[in-house]
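# Summary of structural features
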Amino acid sequence: MYYVISIGSNIQPEHHVAAAVSTLAKRFGSLYLYRRVYTQAELVESNHVFINSVLLLSSDLSATQLKTELCRIEELLGRDRSDPLRSVKDRSCDLDIIWYQQAWSEVWQAELTESYIQQVFDPASKQAPIQLGCQLFSERPAAIYFQAEASDKFIIDQKPDALKNWLKAGFFSN
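Below is a short write-up of the structure.

Cut-off values and rules
- Residues numbered from 1 in each chain as written.
- Predicted model: local features only at pLDDT ≥ 70, side-chain atom pairs only at ≥ 80, totals over all residues.
- Heavy atoms only, no water.
- Helix = DSSP H or I, 4+ residues; strand = E, 2+ residues; numbered from the N terminus.
- Expected span 1.5 Å × (residues − 1).
- Buried < 20%, exposed > 50% of the residue type's maximum accessible area, 1.4 Å probe, protein only.
- Contact = heavy atoms within 4.5 Å.
- Axes fitted to C-alpha atoms, helices over the stretch in contact; angles between N-to-C directions.
- Parallel < 35°, antiparallel > 145°, perpendicular 65-115°, else oblique.
- Left-handed = near helix turned anticlockwise from the far one by under 90°.
- Nonpolar A, V, L, I, M, F, W, Y, C, P; charged D, E, K, R; others polar.
- Phe/Tyr/Trp six-rings, centres within 6.5 Å; stacked < 30°, edge-to-face > 60°.
- Lys NZ or Arg CZ within 6 Å of the ring centre and 35° of its normal.
- Salt bridge = Lys/Arg side-chain N within 4 Å of Asp/Glu carboxyl O.
- Pairing = 2+ DSSP bridges.
- Polar contact = N/O pair within 3.5 Å; in protein donor to acceptor, adjacent residues only side chain to side chain.

## With respect to helix H2 (residues 63-76)
Taking 1.5 Å as the rise per residue, H2 with 14 residues should run 20 Å; its terminal C-alpha atoms sit 20 Å apart, in good agreement. Among the residues of H2, Leu66, Glu69, Leu70, Cys71, Ile73 and Glu74 are the ones counted as buried. Lining the buried residues of H2 we find strand S1 (2-9), helix H1 (13-28), strand S4 (50-58) and strand S5 (94-101). Directly after H2, the chain includes glycine 78, whose backbone phi takes a positive value near 105 degrees.

## As for the packing of H1 against H2
Between two packed helices, both the angle of their axes relative to each other and the distance between the axes serve to describe the pair. Direction vectors running N to C along H1 and H2 enclose 140 degrees, while the axes themselves pass 11 Å from each other. In terms of orientation, H1 and H2 fall into the oblique class. Crossing angle aside, the handedness with which H1 passes H2 is right-handed. For the pair formed by H1 and H2, the contact residues are Thr23, Leu24, Arg27 and Phe28 on the first element and Leu66, Glu69, Leu70, Ile73 and Leu76 on the second. Class assignment of the residues belonging to the contact of H1 with H2 gives a composition of six nonpolar, one polar and two charged.

## Things to note about the packing of aromatic side chains
Here a ring pair, both rings aromatic, is described through the centre-centre distance and the interplanar angle of the planes. Under the counting rule described, the total for this entry stands at six aromatic pairs. Ring geometry for tyrosine 3 against tyrosine 100: centres 5.6 Å apart, planes inclined by 35 degrees, an arrangement best described as tilted. Pair noted here: tyrosine 3 is in strand S1 and tyrosine 100 is in strand S5, with a separation of 97 residues, a long-range link. Of the residues examined, tyrosine 100 reaches a relative accessible area of 46% and is grouped as partly exposed. Considering the side-chain rings of tyrosine 32 and tyrosine 34, the 5.0 Å spacing of their centres and the 80 degrees angle between planes classify their relative orientation as edge-to-face. A cation sits over an aromatic face here: arginine 27 above phenylalanine 28, 4.8 Å from the ring centre.

## Comments concerning the pattern of salt bridges
By the definition in use, this model includes seven salt bridges. Between glutamate 69 and arginine 72 there is a salt bridge, with its nearest N and O atoms 2.7 Å apart. Of this pair, glutamate 69 and arginine 72 both sit in helix H2, three residues apart, roughly one helical turn. Given the relative accessible area of 13%, glutamate 69 is considered buried.

## What to know about the pairing of S1
Of all eight residues making up S1, seven are buried, and the element is well covered by its neighbours. Here eight bridges tie S1 to S4, and the two strands are oriented antiparallel to one another. Bridging across to S4, isoleucine 7 finds its partner in serine 53. Relative to S5, S1 is paired through seven bridges, and the arrangement is antiparallel. Bridge pairing links tyrosine 3 to tyrosine 100 in S5.

## A look at the side chain of aspartate 94
Here aspartate 94 is to be found in strand S5. With a relative accessible area of 15%, aspartate 94 lands in the buried category. A polar contact of 3.0 Å, which involves the side chain of aspartate 94, links it to the side chain of arginine 79. Only 3.1 Å separates the side chain of aspartate 94 from the side chain of arginine 91, close enough to count as a polar contact. When residues no more than four places from it in sequence are discounted, the contact partners of aspartate 94 are Ser6, Ile7, Gly8, Glu74 and Arg79.

Shown next, in the form of structure tokens:
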């Protein structure tokens, strides 16, 4: 199954987004991460700026199982999932499944209208830097491969056609 995951943080967002991406790469082996952008809080009482992005991963987990794993990662990074007001408060990490499908296509980009998602794809959005290990992400999307045995993370491609190249290279099939 192909999953599209939104990722956001407004508490030490550069640190928490990088930590979430690293944890997901360790767990799923390879990811495709779209641009990271600064966004204003929506439906949250906060003066803190968010970093939001979208990432893609492939997994044999069901959507329910994956959501459980995403919640575990949020808690690992400091989010209190037991707080009934957690959806309107600042958060160290917010990971949500926003789309999933059996066969890969990019139809989801036209279907998702939330402002914070659209800002990820808006060239006018302010870029947010995050660093994974010793590699600083550029303003472009990136295919990330995590080789657990060697504990190495690699940025495979940061060109505009990175997703196409990544799919062709088979990085979605862990």
